[in-house]
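# Examining the three-dimensional arrangement
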Amino acid sequence: MFQSLTGKKVVIIGINSGLDLAIAKKLTEVGASVVLSHNSQDKLDQAMESISGEIEAKTVDIWNQDSVNAFFEQIGNFDHLIVTSMGDRNMPRSLLAEMTTETAQGAMNKFWGTFFAVRASLKTIATDGSITLTSSVSIYKSSKMGGISAIAAANGAVAVFGRSLALEISPIRVNVIAPGLVEDTSIWSSQSESERSDLTKWAIAALPVKHLGQPEEQAQAVLSLITNPYITGVVLPVDGGVTMV
C-alpha cells in the first residue's frame, strides 16, 4: 500500500526553479505540510505566493554546516526530506586540461551541501520516513562537448552516497532521482532563446518520448519514491530515454 502524505511534514532543501516548485505543489496537493528552504528570503517569498496549502519557509545556507544544523533544530520532527537545491548550472563547465583546482573543488559543493543536510536531518526524521536526493543523468551519459567531468563526479558522489545510506540508516528509505534535461530549471534558464529552441527540436527528434522533460514529470517521480514503502537504494533516471540514444 502506498503511504499517505496527509498530515506528513516534508522538508525541501532548495527552491531554485520550476522543478522545486512543482515538487512543493505536488506535495501540498496530496495533503503534505511542506517546509521550503533557501538562502534568499526574497526567493522564498516569491515561492510562497505561488503555492497554496500548508506551507512555511525558512532560510538556510546549505553550504554552512552550522546554519544547516540550526535549520533542522528549528524544524523539529518531520517525515520526509528532499534535497534539490544544488543545481548543475552553478558548477562551471571546464575541460580537464584547463580546469582549475578551485573549479573542481567548487563542483563538489553539491555533495557537501547534500551531506550536511542529510547528516543534520537524522536527529529528527521519522524512522518510517524517506530521503530523496538529486543527482543527474550525467552519471550515465556524458556530454559530447565535454567539460562536465567534475560535475558528473559530484553527481556520482551524491548517487553513491544515497545508495550507501539506504543500508546504513535503514529503515529510513533513501533514494536518488537523476533528471535529464528539464524545462524551467536552473540549467534551462541559463540558455539563450536559440539554444532552448535547438534543445526542444533535438528532444522531439531524438528522445523516445519526443519532448523535453517537464517539472511536473520529475515531481511525480519524486512523489512515487516518497510514497512507495518498498523502494529504497534506487537511483532513478527520469530522462526521457536519453541514455538509450
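The coordinates are above.
Residues numbered from 1 in each chain as written. Predicted model: local features only at pLDDT ≥ 70, side-chain atom pairs only at ≥ 80, totals over all residues. Heavy atoms only, no water.

With the rule as written, the count across this model stands at nine aromatic pairs. With centroids separated by 5.0 Å and ring planes inclined at 85°, the aromatic side chains of F71 and F72 adopt a geometry described as edge-to-face. Their ring planes at 80° and their centres at 5.5 Å tell us that W112 and F115 sit as a pair that is edge-to-face. Of this pair, W112 and F115 both sit in helix α5 (residues 109–121), separated by three residues, roughly a single helical turn. Since its relative accessible area comes to 40%, W112 is described here as partly exposed. (Phe/Tyr/Trp six-rings, centres within 6.5 Å; stacked < 30°, edge-to-face > 60°. Helix = DSSP H or I, 4+ residues; strand = E, 2+ residues; numbered from the N terminus. Buried < 20%, exposed > 50% of the residue type's maximum accessible area, 1.4 Å probe, protein only.)

With that out of the way, let us pick up helix α9 (residues 215–227). Its 13 residues give α9 an end-to-end C-alpha distance of 18 Å, which sits within 8% of 18 Å, the value for a rise of 1.5 Å per residue. If you check which residues of α9 are buried, you get P215, Q218, A219, A221, V222, L223, L225, I226 and T227. (Expected span 1.5 Å × (residues − 1).)

A word on the sheet that holds strand β6 (residues 173–179). Within a beta sheet, neighbouring strands are joined by backbone hydrogen bonds and run either parallel or antiparallel to one another. Pairing in this open sheet of seven strands is parallel, and the strands run β3-β2-β1-β4-β5-β6-β7 from one edge to the other. Bordering the open sheet on either side are β3 (55–59) and β7 (235–238), each of which pairs with just one other strand. Within the sheet, the average angular offset between the axes of one strand and its neighbour, ignoring direction, is 20°. In this structure, β6 lies alongside β7, joined through four bridges in parallel fashion. (Pairing = 2+ DSSP bridges. Axes fitted to C-alpha atoms, helices over the stretch in contact; angles between N-to-C directions.)

A few words on the pairing of strand β5 (residues 125–134). Buried residues dominate β5, accounting for eight of its ten residues. Here strand β4 (residues 78–83) runs beside β5; their pairing, made up of four bridges, is parallel. Following the sheet pairing, F78 is matched in β5 by I125. When β5 meets β6, the two strands line up parallel, connected through five bridges. Within β6, the residue paired with T134 across the bridge is I177.

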